[in-house]
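One-letter residues, chain by chain:
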Amino acid sequence: MMFKNSVRLLCANFDKVWKLLVYHILSIGICIAFLAIFNQYYIEAGKVAYIEAGIDKSFETGTLYGSSMATALTTAVDFVIVFFEQIFLNIWLGLFFCIIVFYLFPLLLNIGKIVICEMMYGYMSSCQKQSFTGTFLKTLRTSLVYSSIKVLYAITFNALIVLSMWGLTRVNNEIFDYIMPFVFVIVPAILMAFKETFNAGWAPARVVYNHNIVKSYSIGMRAVLRRGAKIFSTAFIIYLLAIVLSIVLGLYSIIIILPILSPLVHIFEMVAFFSSQGMRFYVDNDTILSPKKLEEIDKIEDAKFLL
C-alpha cells in the first residue's frame, strides 16, 4: 500500500518532478562550474582511465553489455578506480574533486529533499499547493543544517554500498560470472533499502514537527520502526525496479528513471511517516486515507513513546 500510495501521490503532484528536475540540473551545473576550474586535469584523468580500463570494448547500452555483463560491470568499476588513482596524483585536486562530488552535490540534493517534503506536507495535510522557490527560501536555513549533517551521516552507508559493489567485481570465478548480474542488482538494492529505513523518517519529522535535527531523527526513527519491515520491503522494491530498469533498458534510461526516482523516494518517506504516525492524508484531490492510529499499532509497553 505504501508503494501504491506513493505512486498515486507522485502522479497527483507530477509538477514537482519537473521543478525538482530543474533544481537538480542547476545543482549539477554549480558542481560542474567548480570542477571546470581544473577541467583539463580531470578530463585527462578520465581519458587515461577510459583507455586503461578498456571500457570502449565492453560497455554498450541495451540488454546485453558486450560479451558479458559481468565483464562490463567489472570494467566500469575498474574505470572508477583508475580515475581516482589518476586524480589523486595531485592530492589537493583529488580532495577538491571529492569535496565537490561527495559533499557539495549531496548537500544540494538534500536541500531539495526538504523542499519537496515541505511541499508534500502541505498537499497531504490540506491539499495545499506551494511554490518551489518560495518553499526553498522559507526552509533554506533549516535545510542547510539538516543537509550538512545528513551528508556526513550517510557516508558510512554510502561507503558500504560502494565497497560491496567493488567486492563483487573482484570475485574471480567463472560460475559466479553467470550469477553476478543478479547479485549486483540485489545486493545494492538491499543496502540502499537498509539505508532508506534508517533515514526515511528524518526529513518528514523535521518538516512536520519542526524540531531540531537530533530530536527529529529520534522521532523519525521511532515512527519508522513501527512499520520497519513494510518500509524496508517497499524501499527494496523501489530500488530494485530502478536498478533493473536501468540495466535492461540501458544507460540512456537513467535520464528518465533518476528524475522520477528522487521525488518518488521523497514522497514515499512522507507516506511512510504519515502512515506510521496514524495521520490522515490526501492521496489526490478526492481521496483521504486514514491509517491506523498509534494506539492501534503500538504495543502496550510502547505507550510511553507516543508523540
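Residues numbered from 1 in each chain as written. Predicted model: local features only at pLDDT ≥ 70, side-chain atom pairs only at ≥ 80, totals over all residues. Heavy atoms only, no water.

## Some remarks on the pairing of strand 1 (residues 281-284)
Inspection of the sheet shows strand 1 paired to strand 2 (residues 287-289) by 3 bridges, in the antiparallel sense. Across the sheet, the residue bridging to F281 is L289, located in strand 2. In this antiparallel pair of consecutive strands, strand 1 and strand 2, the connection spans 2 residues. (Pairing = 2+ DSSP bridges. Helix = DSSP H or I, 4+ residues; strand = E, 2+ residues; numbered from the N terminus.)

## Looking at the pattern of salt bridges
With the rule as written, the count across this model stands at 6 salt bridges. With a closest N to O distance of 3.7 Å, D15 and K129 form a salt bridge. Of this pair, D15 sits in helix 2 (residues 15-35) while K129 sits in the loop between helix 6 (91-126) and helix 7 (132-170), and the two are 114 residues apart along the sequence. Where E118 meets K138, a salt bridge forms, and the shortest distance between an N and an O atom there is 3.8 Å. Within this pair, whereas E118 is found in helix 6, its partner K138 is found in helix 7, the two being separated by 20 residues in sequence. Of the residues examined, E118 reaches a relative accessible area of 15% and is grouped as buried. On the basis of relative accessibility, which here comes to 53%, the residue K138 falls in the exposed class. Through salt bridges that share partners, D15, K19 and K129 make up one connected network. (Salt bridge = Lys/Arg side-chain N within 4 Å of Asp/Glu carboxyl O. Buried < 20%, exposed > 50% of the residue type's maximum accessible area, 1.4 Å probe, protein only.)

## As for the confidence of the model for the protein
In the predicted model, the protein carries a mean pLDDT of 84, and 88% of its residues have values of at least 70. Here residues 61-67 is modelled with pLDDT under 50, and outside its nearest four sequence neighbours on either side it reaches 19 contacts, counting other chains as well. (pLDDT = per-residue confidence, 0-100. Contact = heavy atoms within 4.5 Å.)

## Let's talk about helix 2
Taking 1.5 Å per residue, 21 residues should reach 30 Å; helix 2 reaches 31 Å between its end C-alpha atoms and fits that length. The set of residues buried in helix 2 consists of K16, V17, L20, Y23, H24, S27, C31 and L35. All buried residues of helix 2 fall inside an arc of 130° around its axis, so they share one side. Those residues of helix 2 that are exposed and angled more than 90 degrees off the buried face are W18, I25 and L26. In this fold, the buried residues of helix 2 make contact with helix 1 (2-12), helix 3 (39-53), helix 6, helix 7 and helix 12 (254-277). (Expected span 1.5 Å × (residues − 1). Arc of directions from axis to C-beta.)

## A look at the layout of surface pockets
Here the second largest pocket is characterised by a volume of approximately 260 Å³. Lining the second largest pocket we find 13 residues, and of these M1, M2, N5, R227 and S275 sit closest to its centre. (1 Å grid on protein atoms, 1.4 Å probe; cavity = no way out; pocket = protein on both sides within 12 Å on 5 of 7 lines; lining within 4 Å. Points joined across faces, edges and corners; volume = space filled by probe spheres on them.)

## Overview of helix 9 (residues 202-209)
Burial of helix 9 is extensive: 7 of the 8 residues sit out of reach of the surface. Buried within helix 9 we find W202, A203, P204, A205, R206, V207 and V208. The inward-facing, buried residues of helix 9 abut helix 6, helix 7, helix 10 (213-226) and helix 12. Looking one or two residues past helix 9, N210 carries a phi angle of roughly 55°, positive in sign.

## Let's talk about the packing of aromatic side chains
For the structure shown, the criterion picks out 22 aromatic pairs. Ring geometry for F83 and F84: centres 5.7 Å apart, planes at 85°, overall edge-to-face. F83 gets classed as buried once you look at its relative accessible area, which sits at 11%. Judged by its relative accessible area of 22%, F84 is partly exposed. A ring pair is formed by F84 and F97, whose centres lie 5.8 Å apart and whose planes are at 80°; its orientation type is edge-to-face. With F84 in helix 5 (residues 69-87) and F97 in helix 6, the pair connects residues that are 13 residues apart, well separated along the chain. These aromatic residues form a ring-pair network of at least three members: Y41, Y42, F79, F83, F84, F97 and F102. (Phe/Tyr/Trp six-rings, centres within 6.5 Å; stacked < 30°, edge-to-face > 60°.)

## Details of the packing of helix 9 against helix 12
Where helix 9 contacts helix 12, the axes come no closer than 8 Å and their chain directions differ by 65°. Between helix 9 and helix 12, the crossing angle belongs to the class labelled roughly perpendicular. As helix 9 packs across helix 12, the resulting crossing turns out to be right-handed. Residues A203, P204, A205, V208 and Y209 of helix 9 touch helix 12, and the partners they reach there are E269, M270, F273, F274 and Q277. Among the residues making up the contact of helix 9 with helix 12, the classes are represented as 8 nonpolar, 1 polar and 1 charged. (Axes fitted to C-alpha atoms, helices over the stretch in contact; angles between N-to-C directions. Parallel < 35°, antiparallel > 145°, perpendicular 65-115°, else oblique. Left-handed = near helix turned anticlockwise from the far one by under 90°. Nonpolar A, V, L, I, M, F, W, Y, C, P; charged D, E, K, R; others polar.)

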